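# Descriptive analysis of the structure
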Amino acid sequence: MEKNVVVINKKTASNTKIIEVNGDVIVPDIKPDIVNIINANANSYIYKEEVSTGRVRVDGNIDTYIVYLADNGENRSIQTTLNFVETIEDNTINESCFSKQKICLENIEAKVLNERKISIKASLKIKSDVYEKSEIEIASDFDECGEVEKLKETLDIKSIVGSNKVKTSIKEDISVDNSFEVAEILKTDIEIANFENKISYNKVLAKADANVKIIFLAEDGRIGVTSSQIPVMSFIDIEKITDSNICNVEYTIRNMLFKVNSKEMHSIAVQVDFEVSCEAFETKTIDVIQDMYGIKNSIDFTRKDVEVQINSSDKSEISTINERILVEDIINIHDVNCKTKVVNVSKSGMFYNYECELNLDFYYEADNRNGLNVKNVVLPFMVKFEGENVDIEFQITKKQFTVSSENVDCEVEILSKQSNTNMKKVSIIEDVETKEMTDENEYKMVMYFVKPEDTIWNIAKKFKVSMGDILKLNELENPDKLNIGDRLYIMR
């Protein structure tokens, strides 16, 4: 019996939670009193994951920037970090498992408790998937069983060659225009782009760029913006990897620090720590036997359902949003935050309709209003996919915002992609036992009339003859074209 061995990551548990993180922050003595909150923004990340028997624990931070109007009329900011710990419990989890986390800041609110104290409430969505590496043996031939008819499905199955992860970091002083002396940081953004992987000598060279953008307050009260593209590079050791393998590389932020350089106030120090993980796959083309029967022998076997990962094309859709938005007194845009999410899913025939929202936060300079100004706009859009209802991942592939008088012309292009792991459930055959046939009937001609749900396969299996003999005797070219009531001649 010939067997193919496939290595997969078997999902043992999956959980999605919305959690609320609360905290208070006191205004430092060196800063003026609060009148009201202008804006609250934050970056969230998990800095530690721990898998143990029956549970996964995640520890994370929410680095928060609160921009407020002070009693002296100035814009000021307070930076603080909220901590959170969350546990996902499931009795299928053991210490040999590993987890993958996705975290999304759904919402953040800041409320003035008094002139020296602010209350912060953040809503986080944490999706946790737990996997265990597993080997599957798939039998592809049963020549020892004698003359056998087999129903096969040919699949391109992804088998894991190896996986590993490393830690890397970026550290850079980002300069600002010499006309500014940075006083406080108001907002930070970091985005990973321009992914590139190269395989060489049991190593994967993973390269990407960290696009960093910072809005800051200058000593003279003006608002400034600076940005930088910082390369991120790491070497990941994976034994037996070759150029023909497929690499999935993921970048996860584990820690970040932004601070004004106290000695040189024309720059901002940035340090971000990453975990870079890589899974390498090879594609194995395997004939998976779904069913079989003996022509001259009686064959008994058992089945086992397993999930394998197959090669398949990703489903994606491009949505373009063109909108003119009124933003009163706007003269210049500092930055625009773009965030997308699914708000409702409905089914129509073979399709799923996803009602989505594009959430835009405009950070801008206004005429006759000093400091940072913020306006939020929500724009609906719709995407449609055929097949299963699975999670959607969004990527902003283009964004352009043009100020014209008090209007902002927005053009945003969104790539929506189903985040399908391409897992397919297949039934494999095992524990095969061959016996001699007890039916000693002589060969004879049988006339058979096709019934509902009949296929050439199950008709051939019923009479223990080959499919090829039925097709040849009845001069059928296409085995899939059978009509109810068709007459077939079967030679036994």
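Anything mentioned here points back to the structure above.
This structure is a prediction, so every number in the text was calculated from the model and none was measured.

## Some words on the packing of aromatic side chains
Centre distance and the angle of the planes are the two values used to describe a pair of aromatic rings. This structure, assessed with the given rule, holds eight aromatic pairs. Ring centres of Phe98 and Tyr131 lie 5.7 Å apart, and the angle between their planes is 25°; on these two criteria the pair is classed as stacked. Of this pair, Phe98 sits in strand E5 (residues 98-114) while Tyr131 sits in strand E6 (residues 117-141), and the two are 33 residues apart along the sequence. With centroids separated by 6.2 Å and ring planes inclined at 70°, the aromatic side chains of Tyr354 and Phe385 adopt a geometry described as edge-to-face. Of this pair, Tyr354 sits in strand E16 (residues 351-366) while Phe385 sits in strand E17 (residues 369-386); the two residues are 31 residues apart in sequence, bridging distant segments of the chain. Looking at Tyr354, the relative accessible area reads 1%, which means it is buried. The ring of Phe180 has Arg222 sitting right over it, with the charged end atom 4.2 Å from the ring centre.

## Focus: the side chain of Ser99
Mapped onto the elements, Ser99 comes out in strand E5. A distance of 3.1 Å separates polar atoms of two side chains, one belonging to Ser99 and the other to Glu49. At a separation of 2.9 Å, a polar atom in the side chain of Ser99 contacts the side chain of Gln101. Dropping the residues within four chain positions of it, Ser99 is found in contact with Glu49, Val51, Val56, Asp129 and Val130.

## Quick word on the state of the cysteines
A covalent bond between the sulfur atoms of two cysteines is referred to as a disulfide. One pass over the full model with this rule turns up zero disulfides. Free cysteine: Cys356, not disulfide-bonded; nearest cysteine sulfur from Cys104 at 13 Å. Judged by its relative accessible area of 2%, Cys356 is buried. Free cysteine: Cys410, not disulfide-bonded; nearest cysteine sulfur from Cys338 at 8.5 Å. Owing to a relative accessible area of 4%, Cys410 belongs among the buried residues under this scheme.

## Focus on the sheet that holds strand E3 (residues 55-70)
Either a parallel or an antiparallel arrangement is found when strands of a sheet pair, and the pairing is made through backbone hydrogen bonds. The three strands are arranged E2-E3-E4 in an open sheet whose pairing can be described as antiparallel. The two strands at the open ends of the sheet, each matched to only one other strand, are strand E2 (34-52) and strand E4 (75-89). Going across the sheet, the axis of each strand differs from the next one's by a mean of 15°, ignoring polarity. In terms of strand pairing, E3 meets E4 through 15 bridges, oriented antiparallel. Across the sheet, Asn61 pairs through a bridge with Asn83, a residue of E4.

## Quick word on the nonpolar core
Ranked by internal contacts, the top residues of the largest apolar core, which has 35 residues, are Ile190, Ile214, Phe258, Val272 and Phe274. Of all elements in the fold, only strand E7 (148-175), strand E8 (182-200), strand E9 (203-218), strand E10 (223-237), strand E11 (246-260) and strand E12 (267-294) reach the threshold of two or more residues within this core. Broken down by element, this core gets its largest block of residues, eight residues, from E9. Sequence-distant contacts of Ile190, defined by excluding residues within four places in its chain, comprise Ala210, Asn211, Val212, Ile253, Met256, Val272 and Phe274. In terms of nonpolar packing, the next biggest core, distinct from the first, is built from 29 residues, Ile19, Val25, Val27 and Ile66 among them.

## Quick word on helix H1 (residues 456-463)
Buried within H1 are the following residues: Ile456, Trp457, Ile459, Ala460 and Phe463. Here the buried residues of H1 occupy an arc of 165° about the axis, which is enough to place them on one side. Residues of H1 that are buried in the fold lie against E7, E12, strand E21 (445-449), helix H2 (467-473) and strand E22 (487-491). Among the residues trailing H1, Lys464 stands out with phi positive, at a value near 55°.

## Notes on the pairing of E17
The side chains of a regular strand alternate, first on one face of the sheet and then on the other. Pairing of E16 with E17, which is carried by 15 bridges, proceeds in the antiparallel orientation. The residue of E17 that forms the bridge with Ala366 is Arg369. Counted along the chain from E16 to the antiparallel partner E17, the turn is two residues long, and its residue Asn368 has a positive phi close to 65°.

## Overview of the side chain of Asp291
One can find Asp291 in strand E12. At 2.9 Å, the side chain of Asp291 and the side chain of Lys461 are in polar contact. The residues touching Asp291, leaving out its near neighbours within four places in the chain, are Glu149, Lys150, Leu151, Phe301, Arg303, Ile429, Trp457 and Lys461.

## A look at the environment of Glu135
Note on placement: Glu135 falls in strand E6. With residues up to four places along the chain from it excluded, the contact list for Glu135 reads Val5, Val6 and Val7.

## A look at the pattern of salt bridges
Per the counting criterion, the structure on display carries 29 salt bridges. Between Arg254 and Glu275 there is a salt bridge, with the nearest N and O atoms lying 2.9 Å from each other. Note that Arg254 is positioned in strand E11 and Glu275 in strand E12, a separation of 21 residues in sequence. You can call Arg254 buried: its relative accessible area is 11%. Residue Asp291 pairs with Lys461 through a salt bridge whose shortest N-O separation is 2.9 Å. On the criterion of sequence distance, the pair formed by Asp291 in strand E12 and Lys461 in helix H1 is long-range, its members being 170 residues apart. By relative accessible area, Asp291 is classed as buried at 9%. Overall, the relative accessible area of 30% leaves Lys461 in the partly exposed class.

Calculation notes
- Residues numbered from 1 in each chain as written.
- Predicted model: local features only at pLDDT ≥ 70, side-chain atom pairs only at ≥ 80, totals over all residues.
- Heavy atoms only, no water.
- Phe/Tyr/Trp six-rings, centres within 6.5 Å; stacked < 30°, edge-to-face > 60°.
- Helix = DSSP H or I, 4+ residues; strand = E, 2+ residues; numbered from the N terminus.
- Buried < 20%, exposed > 50% of the residue type's maximum accessible area, 1.4 Å probe, protein only.
- Lys NZ or Arg CZ within 6 Å of the ring centre and 35° of its normal.
- Polar contact = N/O pair within 3.5 Å; in protein donor to acceptor, adjacent residues only side chain to side chain.
- Contact = heavy atoms within 4.5 Å.
- Disulfide = S-S within 2.5 Å.
- Pairing = 2+ DSSP bridges.
- Axes fitted to C-alpha atoms, helices over the stretch in contact; angles between N-to-C directions.
- Core = buried A, V, L, I, M, F, W, Y, C linked by side-chain atoms within 4.5 Å.
- Arc of directions from axis to C-beta.
- Salt bridge = Lys/Arg side-chain N within 4 Å of Asp/Glu carboxyl O.

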